[in-house]
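# Close look at the chain arrangement
As a plain string of letters, each chain reads:
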Amino acid sequence: MEILQAGSRPSRTGPEDSFSGRVRIDPVIMAPDPSRVRALTVTFEPSLL
């Protein structure tokens, strides 16, 4: 198990084909191969629709 400080991994922008607005994706858990386990935090930016 690798323990990293919160915010030490870069955020990325959510794909436009999966979200209708701007979102930020932050990794929480990224298990090493061959595991496929991962957890992400998705933050939605406010929008004026």
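What counts and how
- Residues numbered from 1 in each chain as written.
- Predicted model: local features only at pLDDT ≥ 70, side-chain atom pairs only at ≥ 80, totals over all residues.
- Heavy atoms only, no water.
- Phe/Tyr/Trp six-rings, centres within 6.5 Å; stacked < 30°, edge-to-face > 60°.
- Helix = DSSP H or I, 4+ residues; strand = E, 2+ residues; numbered from the N terminus.
- Buried < 20%, exposed > 50% of the residue type's maximum accessible area, 1.4 Å probe, protein only.
- Pairing = 2+ DSSP bridges.

### Here we look at the packing of aromatic side chains
All told, the structure shown has 1 aromatic pair when counted by the stated rule. Look at Phe 19 and Phe 44: their rings are 5.9 Å apart centre to centre, the planes differ by 70 degrees, and that puts the pair in the edge-to-face class. Of this pair, Phe 19 sits in the loop between strand E1 (12–13) and strand E2 (23–30) while Phe 44 sits in strand E3 (residues 38–44), and the two are 25 residues apart along the sequence. Judged by relative accessible area, Phe 44 falls into the exposed class, the value being 55%.

### A short note on the sheet that holds E3
Strand order across the open sheet formed by 3 strands is E1-E2-E3, with antiparallel pairing between neighbours. In this open sheet, the two strands that pair with only one neighbour each are E1 and E3. Where E1 lies against E2, 2 bridges are found, and the strand directions are antiparallel. Bridge pairing links Thr 13 to Arg 24 in E2.

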